[in-house]
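Architecture at a glance
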Amino acid sequence: CCKLASGKWGCCPLPSAVCCNDGVHCCPEGTTCEVSTGKCKRGDISLTWFEKVPAISTAEVSNVQCDATHECPTGDTCCKLTSGQWGCCPLPKAVCCSDGVHCCPEGTTCEVSTGKCNRGDINMPWFEKTPAISTEEVSNVKCDATHECETGKTCCKLASGQWGCCPLPKAVCCSDHVHCCPEGTTCDVTSGKCKRGDIILTWFEKI
């Protein structure tokens, strides 16, 4: 989340991003905004910065429709899988990679030969799509015979031993029994982060 020039909240299409003080742009974690040149800088490397998009009003949140019978959770992007079925990329306005399995953040390109998302001289691990939700078969996620979480969430045990819900599909339940991380990442309990290669993002709290 980053503030826009209007004072309203906007969304940067990158995890743990740096919000630029022009109120319009943002840069990847570990870089700095150079407003005078419109670049993100890290040492001698510079790349074009990213543009924020308006945040979603929680009063108007709805799933992303892929077609009449398939949808993805809010904030995801519909992408076709190798099977020809719809899948969900866990990023907004993502780039769907041609291998039918992976996707990359908006403003980057898929480098299928290396398995990376590229933007200028910066490359990062790509993301994996998950199957889309069939609206004909939507049901809550069962934790056990008497407990469940809403569709698109993951059952995780809390410190109390009771079931909690992580607000992500197929999430990784962290060993502190309080937090969780996106699929494909690992929990770093010492730093309170979710890690995937060189990418670090803030973890999520179970409810």
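Note that the structure is a prediction, hence the values are computed from the model and not measured. (Residues numbered from 1 in each chain as written. Predicted model: local features only at pLDDT ≥ 70, side-chain atom pairs only at ≥ 80, totals over all residues. Heavy atoms only, no water.)

**Overview of the sheet that holds strand 20 (residues 130–131)**
Keep this limit in mind: DSSP-based pairing: two strands are paired if at least 2 bridges between them are found. In this description a helix means any DSSP run of H or I spanning at least four residues, a strand means any run of E spanning at least two, and both kinds are numbered starting from the N terminus.
Judged by pairing direction, the sheet is antiparallel, and its three strands sit side by side in the order 12-13-20 without closing on themselves. The sheet is open, and its two edges are formed by strand 12 (77–80) and strand 20, each paired on a single side. Summarising the sheet, strand 13 (residues 86–89) and strand 20 pair through two bridges and their orientation is antiparallel. Each bridged residue has a counterpart across the sheet, and for Cys88 the counterpart in strand 20 is Thr130.

**Quick look at the pattern of salt bridges**
How we decide: The rule for a salt bridge is simple: a side-chain nitrogen of Lys or Arg has to be within 4 Å of a carboxyl oxygen of Asp or Glu. Only protein chains enter the calculation, and the probe is 1.4 Å; a residue is then buried if its accessible area is under 20% of its type maximum, exposed if over 50%, and partly exposed in between.
Taken as a whole and assessed by the stated rule, the structure comprises two salt bridges. We note a salt bridge from Lys142 to Glu148, for which the minimum N-O separation is 2.9 Å. Accessibility expressed as a relative area gives 61% for Lys142, which makes it exposed. Taking the shortest distance from any N to any O, the salt bridge between Asp188 and Lys195 comes out at 3.3 Å. The buried category is assigned to Asp188, whose relative accessible area is 19%.

**Describing the state of the cysteines**
Operational definition: Sulfur atoms of two cysteines make up a disulfide when they are within 2.5 Å.
What the rule picks out here adds up to 15 disulfides. Cys11 supplies the cysteine sulfur nearest to Cys1, a cysteine that is in no disulfide, at a spacing of 5.4 Å. You can call Cys1 exposed: its relative accessible area is 74%. With relative accessibility at 25%, the residue Cys11 sits in the partly exposed group.

**Comments concerning the sheet that holds strand 17 (residues 116–119)**
Just so we agree on the cut-off: Only C-alpha atoms enter the line fits that serve as axes; for helices the fit covers just the stretch in contact. Angles between N-to-C directions range over 0 to 180 degrees.
The three strands lie next to each other as 16-17-18, forming an open sheet whose pairing is antiparallel. In this open sheet, the two edge strands, each paired with only one partner strand, are strand 16 (109–111) and strand 18 (122–125). When the angles between neighbouring strand axes are averaged without regard to direction, this sheet yields 35°. The pairing of strand 17 with strand 18 spans four bridges and is antiparallel. Across the sheet, the residue bridging to Arg119 is Ile122, located in strand 18.

**Considerations on the confidence of the model for the protein chain**
What counts here: Confidence scores per residue from the predictor, reported as pLDDT, run from 0 to 100. Here, residues are in contact when the closest pair of their heavy atoms is within 4.5 Å.
The share of residues in the protein chain with pLDDT of 70 or more is 83%, and the mean pLDDT across the chain is 79. Looking across the protein chain, the model is least confident in strand 31 (residues 204–205), with a mean pLDDT of 58, and most confident in strand 14 (residues 95–96), with 92. In the predicted structure, residues 56–61 sits below a pLDDT of 50 and forms three contacts with residues beyond four places in sequence or in another chain.

**Focus: the side chain of Glu71**
In plain terms, the rule: Contacts described as polar in this section are N or O atom pairs within 3.5 Å, which, within protein, must combine one atom able to donate a hydrogen with one able to accept it, while residues neighboring in sequence count only if both atoms come from side chains.
Along the polypeptide, Glu71 turns up in strand 11 (residues 70–72). A polar contact is formed between the side chain of Glu71 and the side chain of Gln65, at a distance of 2.9 Å.

**A look at the packing of aromatic side chains**
Convention followed: Note on aromatic contacts: the rings of Phe and Tyr and the six-membered ring of Trp form a pair at centre separations within 6.5 Å, being stacked when their planes are under 30 degrees apart, edge-to-face when over 60 apart, and tilted otherwise. The rule is short: NZ of Lys or CZ of Arg within 6 Å of the ring centre and within 35 degrees of the ring normal puts a charge over the ring.
Tallying each qualifying case throughout the model produces zero aromatic pairs. Sitting above the plane of the Trp86 ring, Lys80 keeps its charged end 4.9 Å from the centroid. Against the face of Trp163 rests Lys157, its NZ or CZ located 4.9 Å from the ring centre.

**Focus on the environment of Pro167**
With respect to the helices and strands, the residue Pro167 is situated in the loop between strand 25 (163–166) and strand 26 (172–173). Given a relative accessible area of 36%, Pro167 falls into the partly exposed group. Along the chain, Pro167 and Gly152 lie 15 residues apart, while their C-alpha atoms are 7.2 Å from each other.

**A few points about unusual backbone geometry**
We note that Lys93 has phi near 50°; this positive angle belongs to a residue other than glycine. Structurally, the position occupied by Lys93 is in the loop between strand 13 and strand 14. Taking relative accessible area as the criterion, Lys93 reaches 51% and is therefore assigned exposed. One non-glycine residue, Lys170, lies in positive phi territory at about 50°. Here Lys170 is to be found in the loop between strand 25 and strand 26. Residue classification places Lys170 among the partly exposed positions, given a relative accessible area of 49%.

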